[in-house]
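A structural walkthrough
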Amino acid sequence: MKNFYSNIYSFNRKILKKTVISLKKGKIAGLPTETVYGLAGNAYLRKAVLKIFKIKKRPKKNPLIIHYHSIKDINHDVVLNDNFIKLYKKFCPGPLTFVLKKTKRSKITTLATANLRTVAIRFPRHKIIRNILKQIDFPLAMPSANLSSKISPINAFDVFDDFKKKLKIIINGGNSRIGIESTVIDLTESPKILRPGVISSSEIKKCLKCKFSKKKSQLRSPGMLKKHYYPGIPVIFGKKPKNSSHAYIVFGKKYEKHDNYFNLSKKADLKEAATNLYKIMRIIKKKGFKKIFVSKLPNKGVGLAINDRLLKAAN
Ligand code: AMP
Ligand code: MG
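Report on the accompanying structure. Note that the coordinates shown come from a computational prediction; the quantities given were computed from them, not determined experimentally.

Conventions and cut-offs
Residues numbered from 1 in each chain as written. Chains lettered and ligands numbered in written order. Predicted model: local features only at pLDDT ≥ 70, side-chain atom pairs only at ≥ 80, totals over all residues. Heavy atoms only, no water. Salt bridge = Lys/Arg side-chain N within 4 Å of Asp/Glu carboxyl O. Helix = DSSP H or I, 4+ residues; strand = E, 2+ residues; numbered from the N terminus. Buried < 20%, exposed > 50% of the residue type's maximum accessible area, 1.4 Å probe, protein only. Pairing = 2+ DSSP bridges. Axes fitted to C-alpha atoms, helices over the stretch in contact; angles between N-to-C directions. Parallel < 35°, antiparallel > 145°, perpendicular 65-115°, else oblique. Left-handed = near helix turned anticlockwise from the far one by under 90°. Contact = heavy atoms within 4.5 Å. Nonpolar A, V, L, I, M, F, W, Y, C, P; charged D, E, K, R; others polar. Arc of directions from axis to C-beta. Polar contact = N/O pair within 3.5 Å; in protein donor to acceptor, adjacent residues only side chain to side chain. Phe/Tyr/Trp six-rings, centres within 6.5 Å; stacked < 30°, edge-to-face > 60°. Core = buried A, V, L, I, M, F, W, Y, C linked by side-chain atoms within 4.5 Å.

To continue, consider the pattern of salt bridges. Side chains that differ in sign of charge can pair as their charged atoms come close. Under the criterion given, the structure shown has six salt bridges. A salt bridge links R282 to D158, with the shortest nitrogen-to-oxygen separation between them at 3.4 Å. One end of the pair, R282, is in helix α7 (residues 270-286); the other, D158, is in helix α5 (residues 156-163), and 124 residues separate them in sequence. The same class applies to R282 as to D158, namely buried. The salt bridge involving R309 is made with E181; its shortest N-O contact spans 2.7 Å. With R309 in helix α8 (residues 302-313) and E181 in the loop between β8 (170-172) and β9 (183-186), the pair connects residues that are 128 residues apart, well separated along the chain. For R309, a relative accessible area of 1% puts it in the buried group.

Spatially, four strands are ordered β11-β14-β12-β13 in an open sheet, and the strand pairing comes out parallel. Each having just a single partner strand, β11 (235-237) and β13 (261-263) make up the two edges of the open sheet. Each adjacent strand pair in this sheet contributes to an overall mean axis angle of 25 degrees, direction not counted. Summarising the sheet, strand β12 (residues 246-250) and strand β14 (residues 291-294) pair through four bridges and their orientation is parallel. Bridge pairing links H246 to K291 in β14.

Turning our eyes to something else, we now look at the pairing of β14. Across three bridges, the pairing between β11 and β14 is parallel. The partner of F237 across the bridge, within β14, is V294.

As a further point, take the packing of helix α1 (residues 13-24) against helix α4 (residues 127-135). Between α1 and α4, the least distance of the axes is 10 Å, while the angle of their chain directions is 55 degrees. The angle between α1 and α4 falls in the class oblique. The two elements α1 and α4 cross, and the hand of that crossing is right-handed. Every residue of α4 that contacts α1 at L16, T19, V20, L23 and K24 is listed here: N131, I132 and Q135. Along the lines of polarity and charge, the residues of the contact of α1 with α4 split into four nonpolar, three polar and one charged.

What follows concerns helix α3 (residues 82-91). The set of residues buried in α3 consists of N83, F84, L87, Y88 and F91. Along the axis of α3, the buried positions cluster into a sector of 130 degrees, meaning they face one direction only. Residues of α3 that are exposed and point more than 90 degrees away from the buried face comprise D82, K89 and K90. Looking at the buried positions of α3, the neighbouring elements they touch are β5 (96-101), β6 (118-122), β9 and α6 (201-208). The N-terminus of α3 is capped by N81, whose side-chain oxygen sits 3.3 Å from the backbone nitrogen of N83.

The tally for this structure, following the rule as stated, stands at 15 aromatic pairs. Taken together, a centroid distance of 5.4 Å and an interplanar angle of 50 degrees make the contact between F4 and F160 tilted. Separated by 156 residues along the polypeptide, F4 in the segment before β1 (8-10) and F160 in helix α5 bring together distant segments of the chain. Looking at F4, the relative accessible area reads 43%, which means it is partly exposed.

Our next topic: the nonpolar core. I66, F84, L87, F98, I121, F123 and I204 are the most contacted members of the largest nonpolar core, which totals 43 residues. Listing elements by their share of this core, those giving two or more residues are α2 (46-56), α3, β5, β6, α5 and α6. In this view, F123 contacts Y68, H69, S70, I71, I74, F84, Y88, C92, P93, G94 and F98; residues no more than four positions away in its chain are not counted. Residues V36, F262, Y278 and L297 belong to the second largest nonpolar core, which totals 31 residues.

Distances and angles like these do not, on their own, reveal function.
Right, dumping it as structure tokens:
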């Protein structure tokens, strides 16, 4: 068994060094973050970013989020504005991605931003990824470490499931604390949430003391594709299963124990439900259920983000 997972490493100084060297050379690695695991490559190197698109089978028109250690590192690549500064101070490092205008002098390869004039940036909080970002003088393009349109990995073994030994380095940083992808906010004009996440729109509004744009964003965004987060078996949203060969994802204390019932959070905690979402979907698939039924969660706060993923999974 030991050799089977020989590309999964625990974090220490030796693997930190190995990872930094390999990222510098334009190789890619599977790395932990607090949201989900990412597939990281040097955002300034076209060949590294190309590898990410290829291995994920990701359509080239879907831009990648670029990850930095801190605000000090971004000046060269993006145009800052007041809303960004306010949100950065309140939520970063953390699970919030900002879409900003790209500078003319930016070194980010156009492949990573799908030729757009905008860049999506994030400052992840997980200490392993921060350690790595601190050691390098380039940002990391890093989409989730799964095959395109599938569900995101929340630990090193989920990453291994999709890519096996095609990745030379996968770092084991435990289960991702948050378990779903970051909130994405477009700040190029008046603020607009492109993808809901655990940082909710009401928290953001409170911080910015402003209303959100009702206009449909003109930006193309991968997380906004209709088909996404597919667990590998059909997902039926908003209905109950008719027989026990179908799994039922539930939420809250009113559900009794059944072999085909999977509770996202018995205490009806939406954050806990987010953390469990992909984990439970993977368990259901591995147990051999043929379909997943799931009822809509309360459509507020993190519930919005979970319903967004479920709806797309059902598409
Ligand atoms: P994913 O990599 O699938 O987790 O999703 C990346 C998210 O980043 C999408 O939901 C987009 O909203 C956003 N995104 C990435 N790059 C850009 C960009 N250059 N312009 C606008 N949105 C972007
Ligand atoms: Mg993804």
